[in-house]
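Inside the fold
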Amino acid sequence: MLGRCRLCDNIGEYDEWLKHFLCVQHREELIVPEREEARSVLLFSGGMDSLIAYFYVTSYYEEPIDACLFVDVGQRYRDMEIEACLKVKSLKEDFPLRIRKGPDLSISEAPDAYIPLRNLYLICEAVTCFSGVKKIYIACQRGENYVSDRSLTFTELTSVLLEKLEGVRVVNPLIYVTKIDMVEWYVENSFPIDLLYATVGCYNPINGKHCGQCSACFRRSVAFEYCGLPLDPMEHDIRKWEGIQKYINDIREKRMEKRRETQTLTVLKKWGYTI
Ligand SMILES: [Zn+2]
Ligand SMILES: [Zn+2]
């Protein structure tokens with residue numbers, strides 16, 4: 001089947017796996033066909049954390065990123081994530097996106113989309129599909145330590161192991177900042193806002209839209225609201241989501257990390273909640 005390439009004006013072939021039309025050049029550029037050279041690789045999910053991590057590393061640390069790798073591990077929301085990856089690429093032509101079909105991990109996917117050790121698989125995938133890798137960046141933020149493969153311990157220990165075996169360091173540039181800090185930094189430094197909206201952050205997308213009824217939508221919306229950005233178009237109004245009560249309880253019972261608590265409180269008050 002032929003159609004207009006998703007990323008340029010050329011006519012391209014429909015890709016059964018990606019579910020998009022791509023021209024020959026873009027297929028060759030994006031879908032990692034054989035091992036290519038890349039010294040630094042960022043694990044890219046199509047979400048805003050890894051997008052901001054890209055700018056954080058390249059602008060703040062002034063270090064190059066040779067490839068932003070998205071891996072399809074059969075996750076439930078892969079279609080929406082691939083769509084987000086292509087949207088980012090279409091808005092920022094020099095974004096070094098690479099897409100690869102990895103092992104199918106869907107059999108261990110929990111209802112909240114959590115896949116045990118997913119980041120470990122993704123890191124191994126990056127070492128496998130690129131040669132000469134010295135650094136692998138992953139984007140997990142402060143306040144996520146409770147998720148095993150998003151914790152500081154995970155990054156540090158994996159880095160020690162891989163450095164010893166393969167000479168590869170695993171770096172998490174965002175570990176000391178909250179999601180709100182990240183978005184604030186991005187906005188203050190005038191990075192393109194349309195790229196933020198091209199990313200996805202939702203556990204139950206409905207008709208290609210954010211659902212407005214999940215914790216991913218909540219955390220993303222809190223960050224946008226705090227930074228004065230309009231919320232994403234959503235199927236339901238996140239400000240009225242019943243799940244917000246859980247966060248209020250966490251705040252009341254002092255279970256939320258302090259910095260995140262202060263920032264979340266500011267937004268909840270703005271939305272009319274009393275704590
Ligand atoms: Zn093209
Ligand atoms: Zn959602």
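Since the structure is predicted, the reported quantities are computational estimates derived from the model, not experimental observations.

Digging into the overall build of the protein chain
Assigned secondary structure in the protein chain consists of 10 helices and 10 strands. Relative to the 2.2 N^0.38 estimate, which gives 19 Å for 275 residues, the radius of gyration of the protein chain is 19 Å and therefore close to what a compact globule would have. Based on the C-alpha atoms only, the size of the protein chain along its principal axes is roughly 55 × 45 × 40 Å. Evaluated residue by residue, the protein chain yields a buried proportion of 39% over its 275 residues. For the protein chain, the proportion of contacts with a sequence separation of at least 24, taken over those separated by at least 6, is 65%.

Some points on helix H3 (residues 78–91)
Taking 1.5 Å of rise per residue, the 14 residues of H3 would be expected to cover 20 Å, and the 20 Å separating its terminal C-alpha atoms lies within 8% of that figure. Listed as buried for H3 are Arg-78, Glu-81, Glu-83, Ala-84, Cys-85, Leu-86, Val-88 and Lys-89. If you follow the buried residues of H3, they end up packed against strand E3 (20–22), helix H2 (48–60), strand E6 (67–72), strand E7 (97–101) and helix H7 (193–198).

Here's the deal with the domain arrangement of the protein chain
In terms of domain boundaries, the protein chain breaks down into domain 1 (36–171) and domain 2 (201–270). A straight line from the C-alpha centre of domain 1 to that of domain 2 covers 24 Å. Within the side of domain 1 that touches domain 2, the residues separate by chemical class into 4 nonpolar, 2 polar and 2 charged.

So, the environment of Cys-214
Here Cys-214 shows up in the loop between H7 and helix H8 (215–226). Remark: the alpha-carbon pair of Cys-214 and Glu-242, spanning 28 residues in sequence, is separated by 9.6 Å. Sequence-distant contacts of Cys-214, defined by excluding residues within four places in its chain, comprise Cys-202, Tyr-203 and Asn-204.

Remarks on the sheet that holds strand E2 (residues 11–15)
Here 3 strands make up an open sheet; going across it, the order is E1-E2-E3 and the pairing antiparallel. With partners counted over all chains shown, the strands left at the sheet margins are strand E1 (2–4) and E3, one partner each. In this sheet, adjacent strand axes meet at a mean angle of 50° when their direction is disregarded. Relative to E3, E2 is paired through 3 bridges, and the arrangement is antiparallel.

So, how was this worked out
Residues numbered from 1 in each chain as written. Chains lettered and ligands numbered in written order. Predicted model: local features only at pLDDT ≥ 70, side-chain atom pairs only at ≥ 80, totals over all residues. Helix = DSSP H or I, 4+ residues; strand = E, 2+ residues; numbered from the N terminus. Rg over C-alpha atoms; globule rule 2.2 N^0.38 Å. Buried ≥ 20, exposed ≤ 12 C-beta atoms within 10 Å, placed from the backbone. Contact = placed C-beta atoms within 7 Å. Expected span 1.5 Å × (residues − 1). Domains from an automatic or database assignment. Nonpolar A, V, L, I, M, F, W, Y, C, P; charged D, E, K, R; others polar. Pairing = 2+ DSSP bridges. Axes fitted to C-alpha atoms, helices over the stretch in contact; angles between N-to-C directions.

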